[in-house]
Amino acid sequence: MTKQTLSFQAEVAQLLHLVTHSLYSNKEIFLRELISNASDACDKLRFEAINDGGLYENDAELKVKVTFDQDAKTLTITDNGIGMSTQEAIDHLGTIAKSGTKDFVSKLSGDQKADSQLIGQFGVGFYSGFIVADKITVESRRAGMKAEEGVRWISGGAGDFEVENITRPARGTSVILHLRDDAMDYASAWKVKGIINKYSDHISLPICMEKEEWKDGELINPSDEQGGRQPGGMVKTGEWETVNKANAIWARAKKDITADEYAEFYKQISHDFEAPLAYTHNRVEGSTEYTQLLYIPGKAPFDLYNREKSAGVKLYVKRVFIMDDAEALLPTYLRFVKGVVDSSDLPLNVSRELLQESRDVKAIREGCTKRVLGMLEDLAKHDKLPEATISAEGVTDVVTEEEKTEAATNAGKFTKFYNEFGAVLKEGLGEDYANKDRIAKLLRFASSTTDTLSVSFADYKARMKEGQEAIYFITADNAAAAKNSPQLEVFKKKGIEVLLMTDRVDEWALNYLQDFDGTPLQSVAKGAVDLGKLQDETEKKAAEEAAETFKPLLAKLKEALKDKAEDVRVTTRLVDSPACLVVQDDGMSTQLARMLKQAGQAAPDVKPVLEVNAEHPLVKMLDGSVHFNDLAHILFDQALLAEGGLPADPAAYVKRVNALLL
Ligand code: ADP
């Protein structure tokens, strides 16, 4: 094949622009990303070689070599992993396969500071090389292919790249970074070693560098590592040394691992720039043996709501990497968890299909789920500072300094978690029946009396009114619609708290939770209001009387609205509004039906019940009005508007209102 020039996929070009313009402050992460890719490539080779030992080509010692050349201004990362064919180089380095990339790129604002935050959630991978390089050459040959089937890929990181065929006896990949002038300090063993120690110590693969020594240099300043030694400078000795610990972090003893090391490993596998919120590391023994190292990120990834998004847990079998994104290891609602599971029992040649059926995997999945929920419960427990720590000085007798510091570092973490991932956690109500109660305890909502997402079902229950028999909630498209909904009027008047459910998933998820700890959950928009003991006798009587006197009017309204409303009745739930819509107890809410339709899915045509407020002047004047028909329709359409819906025929609504205004 002769040289070809090809264009990057549009999203790659945009991303590259961003990478080179907004990651200044995080320059050195490029090395972590490229070493991570090299390590993945070796993992992949080891995995493919399980079935085809020939792929090792008599070179089974997998490693990464990092070299630099100050004269040529290059830094090179070489691995003897799986390598790439020409087509793979074109596909993998010219396009981004992650689903949701387009959406992600469209969110970029051009504001470098904001964008660099976002990009941390996306993970720039290979392209991070362009932070320090103005040109990257990749030379590669796939394991098992002929030496003549090598490929060279070159790009300056703008709109396009070149590929050509080369002869490359060595299997694997070299990424040659042509360093920018302002990044020349990366062409130094001292600098590079420092970064490797920081980011890649726990990579289980040896990372090797050529040993250097001083030539005729004089030590002028011993406190400075470089020592001001000059004349011959550092010269390479031709010997190689391993510069990382090369020991899989999860296989080490917990007590020997620092919090920093845990955090760095997390950053490596998640491509996150920030430390995780929490982690758990355990060796599980018994009938199924495995090690789990699981993390809860501090920030949601850009594609969190994509349920098809890849899971975040890597599967190893006895230290051998088997697969990324092993979705069988955790339920979908915990897809934000990152980490590693290393099993001692599974066969090395386990496939995704096999994973789904394996009893060991089922045990691992249950174990991991329990651990994650346990971690979340722990965060929830320590979310608020204990009373003694917040009150003024003089409380040291109650809380030790150590406990205080610990409390301070843990406070607020659950709130942070919940704001990022709460909506996803709720999916668990429907997905994980066995843990439904534990999940329900972790949920937090805003309510008619609390604006932040902080009310748990338990908090709510503790505040229930005397005689209140249900946990009341309302679902709506957004907080304002929920809070100001007419359905809430009588609850506000009586001082009863109502939970506001405004996540898309709420309606669906709550279907699976009939009660919390014995107290039923009741939507305020479903069925007739039954405030039970919260309503006194006079109120009940007034309601019954109103229903009787309004009978003829209700019949007329029903006739006028027969195409729109299932029924029309008098209600006690309204105070200020003339009317509202509710659905039958077992019906799908109008809001869920609307959502399904918006998503292009089949939804039943829900005919709601129109409830009118017998005390409202507008309702009182209806009877005998010459505009009866128009008023009836306006009443209905306004009730729909008030809950965030849209009249079926908006123009007709406007016409009717205008006619009355005139
Ligand atoms: P990611 O690693 O998240 O998939 P990258 O942009 O870092 O994204 O890399 C894109 C793809 O390029 C990788 O998935 C892999 O297929 C390929 N690749 C990158 N580096 C190497 C390497 N050293 N050896 C083999 N393939 C590589």
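These notes cover the structure that comes with them.

Criteria and cut-off values
Residues numbered from 1 in each chain as written. Predicted model: local features only at pLDDT ≥ 70, side-chain atom pairs only at ≥ 80, totals over all residues. Heavy atoms only, no water. Pairing = 2+ DSSP bridges. Helix = DSSP H or I, 4+ residues; strand = E, 2+ residues; numbered from the N terminus. Axes fitted to C-alpha atoms, helices over the stretch in contact; angles between N-to-C directions. Contact = heavy atoms within 4.5 Å. Disulfide = S-S within 2.5 Å. Buried < 20%, exposed > 50% of the residue type's maximum accessible area, 1.4 Å probe, protein only. Near = heavy atom within 4 Å. Polar contact = N/O pair within 3.5 Å; in protein donor to acceptor, adjacent residues only side chain to side chain. Areas by Shrake-Rupley, 256 points an atom, 1.4 Å probe, with all protein chains shown as cover. Nonpolar A, V, L, I, M, F, W, Y, C, P; charged D, E, K, R; others polar. Lys, Arg positive; Asp, Glu negative; His and termini not counted. Salt bridge = Lys/Arg side-chain N within 4 Å of Asp/Glu carboxyl O.

Side note on the sheet that holds strand β3 (residues 74–79)
Then, in step 1: Taken in spatial order, the nine strands make up an open sheet running β1-β6-β5-β4-β7-β3-β2-β8-β9, and their pairing is mixed. Taken across any chain shown, the strands that pair with only one partner, and hence form the sheet edges, are β1 (4–7) and β9 (234–242). Averaged over all pairs of adjacent strands, the angle between strand axes in this sheet comes to 25°, irrespective of strand direction.
Then, in step 2: Sheet analysis places strand β2 (residues 64–69) next to β3, joined by six bridges and oriented antiparallel. The partner of K65 across the bridge, within β3, is T78.
Then, in step 3: The strands that helix α2 (residues 29–48) touches are β2, β3, β7 (172–179) and β8 (207–214); relative to β3, the one it contacts most, it runs at about 25°.
Then, in step 4: Helix α6 (residues 189–200) contacts β2, β3, β8 and β9 of the sheet and is inclined by roughly 145° relative to β8.

Comments concerning the state of the cysteines
Then, in step 1: Summed over the entire model, instances satisfying the criterion amount to zero disulfides.
Then, in step 2: Lacking any disulfide linkage, C42 is separated from the closest cysteine sulfur, that of C208, by 11 Å.
Then, in step 3: Note on C42: relative accessible area 0%, which makes it buried.

Some remarks on the site of the ligand
Then, in step 1: By nearness alone, every residue bordering the ligand is listed as N37, A41, K44, D79, M84, H92, L93, G125, F126 and T173.
Then, in step 2: T173 is positioned such that a nitrogen or oxygen atom in its side chain is 3.3 Å from a nitrogen atom of the ligand.
Then, in step 3: With the chains in place, 79% of the 530 Å² that the ligand exposes on its own is no longer accessible.
Then, in step 4: Of all the elements in the fold, those that place two or more residues in the shell around the ligand are α2 and α3 (86–94).
Then, in step 5: A per-element tally of the shell around the ligand places α2 first, with three residues.
Then, in step 6: Among the residues making up the shell around the ligand, the classes are represented as four nonpolar, four polar and two charged.

Comments concerning the side chain of D79
Then, in step 1: Within the secondary structure, D79 is located in strand β3.
Then, in step 2: One buried charge, D79, has no salt-bridge partner; the nearest side chain with opposite charge is R168, at 6.6 Å.
Then, in step 3: There is a polar contact of 2.9 Å between the side chain of D79 and the backbone nitrogen of G81.
Then, in step 4: Ignoring any residue separated from it by four or fewer positions in sequence, one finds D79 in contact with A38, A41, C42, K63, R171, G172 and T173.

Remarks on the pairing of strand β12 (residues 313–317)
Then, in step 1: Of all five residues in β12, five are buried, a share of seventy percent or more.
Then, in step 2: Taking every second residue as pointing to the same face, both faces of β12 are buried, with V313, L315 and V317 on one and K314 and Y316 on the other.
Then, in step 3: Examined bridge by bridge, β12 and strand β14 (residues 338–343) share five bridges and lie parallel to one another. Among the inter-strand pairings, V313 is bridged to a residue of β14, identified as G339.
Then, in step 4: In this sheet, strand β13 (residues 320–323) lies alongside β12 in antiparallel orientation, the contact comprising three bridges.

As far as function goes, none of this settles anything; it's purely spatial.
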